[in-house]
Amino acid sequence: MSGCPYFERKHLLFKGKTIDESDDDSQAGVNKARKGGIVYEDYLLLDKITNAQVLQSELKGNKIHDEHLFIVTHQAYELWFKQILFELDSVREIFISGHVRDERNMLKVNNRIHRIVMIFRLLVDQFAVLETMTALDFFDFREYLSPASGFQSLQFRLLENKIGVPDNLRVPYNRRHYKDLFKGHDSERLLETEQEPTLLKLVEEWLERTPGLEVDGFNFWERLRINIFDGLNLKEKKIEKMPESEEKEELMAELVKLRDLFTSLFDEKRHDHLVSKGERRLSYKALQGALMIYFYREEPRFQVPFQLLTSLMDIDTLMTKWRYNHVCMAHRMIGSKAGTGGSSGYHYLRSTVSDRYKVFVDLFNLATFLVPRDWVPKLNPNVHTFLYMAECVDSSYCSSEDSD
């Protein structure tokens, strides 16, 4: 077979021309590997990685082609889980150490959280590769997997714990606690993550410090309450002036619902009750901070915090999509049969796709409390300078050289 005429200098462009290799800029580099030192394969330990695919079907004397794809796909998932945990731990450390009080570090937090989001996007799409395998292809080697199961993924459970999936809202696994499947050091690691501050808890504490919430300062929450109820009263007066009609009744009924909604929003006891039921996750003050960031997201000081809140919702959304894709794939591959680990399979997985596994559900619900822009308390840049003066604490600032 003939080679490429261009690279073999047989192309018409080269006819009648003498090629001087010394003038070829593409060959101007120096092969540093000749001098010794670490090379690509050794740096990435490719020998270990590329030889870590042991087909159980082959060991049993019945090699099944698609088992190789199944193994590689799940190994890739675990490697990405490891990277997510690495990024998540670094973000948590910035919060735990207090470095987040210096707002210059928020760019680093945002960047790493966004990286987690992009990895999750990749993991959601990766199901498409696995789905090139048919149910019959999977059936051919499925018997060799048992009792191994994706539920036994330690890294995914660590990830759930570190983000902040509530233990009391987890779906039992065959009527047992999920930790019962893990022993020894793995069980100890899970216990440690349950005792450490979760990303949810750390973000909650950060939101509670939102500038502008101070009662003796801007007092955002009280100003918002007054504006909303003044707005509702004005709306009620306008509706009352309308002639009797079905439309008037509907508008009045909608107004009653809005009044009840905002009455509950400003009722701290009601909020605490919803937290006790698991319907809300953030503290009352943290919710105030989140809503303030939401309303003033266009102001310079709140732009980066708003991006962070958006990325946290993206993580929840993508984890839900990942679970849903897993449910659909399991249903497609095994129908209603039990899972290889002994669970009810599709039915168990389906029960995990719900808000009980959404960590930042309160951020999604902020849209419930949207109001007209003219109801949002006005800010005077000459008076409320906190919008333009970020907190910088040199003693806690960690540059890229000082911190991972």
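Whatever comes next refers back to the structure up there.
Since this is a predicted model, take the numbers as computed values, not measurements.

**Q** I'd like a rundown of the side chain of Q53, residues and numbers included.
**A** By secondary structure assignment, the location of Q53 is in the loop between α2 (46-50) and α3 (56-59). Here Q53 falls in the buried class, since its relative accessible area comes to 18%. For Q53, the side chain forms a polar contact with the main-chain oxygen of I49, separated by 2.9 Å. Side chain to side chain, Q53 and Q75 meet in a polar contact 2.6 Å long.

**Q** Please set out the packing of aromatic side chains residue by residue, giving values where relevant.
**A** Tallied over the entire structure, the rule returns 19 aromatic pairs. Ring geometry for F220 versus Y296: centroids 5.8 Å apart, planes at 70 degrees, classification edge-to-face. With F220 in helix α10 (residues 220-240) and Y296 in the loop between α13 (284-295) and α14 (300-334), this residue pair connects regions lying 76 residues apart in the sequence. What makes F220 buried here is its relative accessible area of 0%. With a relative accessible area of 5%, Y296 lands in the buried category. Ring plane angle 50 degrees and centroid distance 4.8 Å describe the contact between W221 and F266, whose orientation is recorded as tilted. A residue pair is termed long-range when its members are at least 10 positions apart, and W221 in helix α10 and F266 in the loop between α11 (246-265) and α12 (268-276) qualify at 45 residues. Under the relative-accessibility criterion, F266 is labelled buried at 14%. Among the aromatic residues, those joined into a ring-pair cluster are F218, F220, W221, F229, F266, Y284 and Y296.

**Q** Which residues make up a negative patch on the surface, and what are the values?
**A** A surface patch of like charges, here negative, comprises E246, E247, E249 and E250. Checked against the element boundaries, E249 lands in helix α11. In this structure E249 comes out as exposed when scored by relative accessible area, which is 56%.

**Q** Would you mind going over unusual backbone geometry in detail, with residue names and values included?
**A** With omega at 5 degrees, the peptide bond leading from S146 into P147 counts as cis. Among the secondary structure elements, P147 is positioned in the loop between α6 (135-142) and α7 (154-163). Not every positive phi belongs to a glycine, and L45 is a case in point at roughly 50 degrees. A residue is classified by how much of its surface remains accessible, and L45, at 46% relative accessible area, is partly exposed. In this structure, N219 takes a positive phi of about 55 degrees despite not being glycine. Here N219 lies in the loop between α9 (199-208) and α10.

**Q** Would you mind going over a nonpolar patch on the surface in detail, with residue names and values included?
**A** On the surface, a cluster of nonpolar side chains totalling about 510 Å² of accessible area is made up of I38, Y40, Y43 and L44. Looking at the secondary structure, you find I38 in the segment before α1 (40-43). A residue is classified by how much of its surface remains accessible, and I38, at 61% relative accessible area, is exposed.

**Q** Run through the pattern of salt bridges, naming residues and quoting values.
**A** In the structure shown here, the tally under the stated rule is 17 salt bridges. Put simply, D102 and R104 hold a salt bridge, and the shortest N to O gap is 2.8 Å. Under the relative-accessibility criterion, R104 is labelled partly exposed at 35%. In this structure, R332 and E131 form a salt bridge, with 3.8 Å as the shortest nitrogen-oxygen distance. Remark: E131 occurs in the loop between α5 (106-130) and α6 and R332 occurs in helix α14; sequence separation between them is 201 residues. Residue classification places R332 among the partly exposed residues on the basis of a relative accessible area of 48%. One continuous salt-bridge network, built from bridges that share partners, spans D89, R92, K162 and E196.

**Q** I'd like a rundown of the environment of G335, residues and numbers included.
**A** Tracing the sequence through the fold places G335 in the loop between α14 and α15 (346-351). The exposure class of G335 is partly exposed, given its relative accessible area of 22%. The sequence separation of G335 and Y346 amounts to eleven residues, and the corresponding C-alpha distance is 7.1 Å. Not counting residues within four places of it along the chain, the set of residues in contact with G335 comprises A330 and Y346.

Reading the values: the criteria
Residues numbered from 1 in each chain as written. Predicted model: local features only at pLDDT ≥ 70, side-chain atom pairs only at ≥ 80, totals over all residues. Heavy atoms only, no water. Helix = DSSP H or I, 4+ residues; strand = E, 2+ residues; numbered from the N terminus. Buried < 20%, exposed > 50% of the residue type's maximum accessible area, 1.4 Å probe, protein only. Polar contact = N/O pair within 3.5 Å; in protein donor to acceptor, adjacent residues only side chain to side chain. Phe/Tyr/Trp six-rings, centres within 6.5 Å; stacked < 30°, edge-to-face > 60°. Patch = residues over 30% accessible without salt bridge, like charges linked within 9 Å, V, L, I, M, F, W, Y side chains within 5 Å. Areas by Shrake-Rupley, 256 points an atom, 1.4 Å probe, with all protein chains shown as cover. Salt bridge = Lys/Arg side-chain N within 4 Å of Asp/Glu carboxyl O. Lys, Arg positive; Asp, Glu negative; His and termini not counted. Charge placed at Lys NZ, Arg CZ, Asp CG, Glu CD. Contact = heavy atoms within 4.5 Å.

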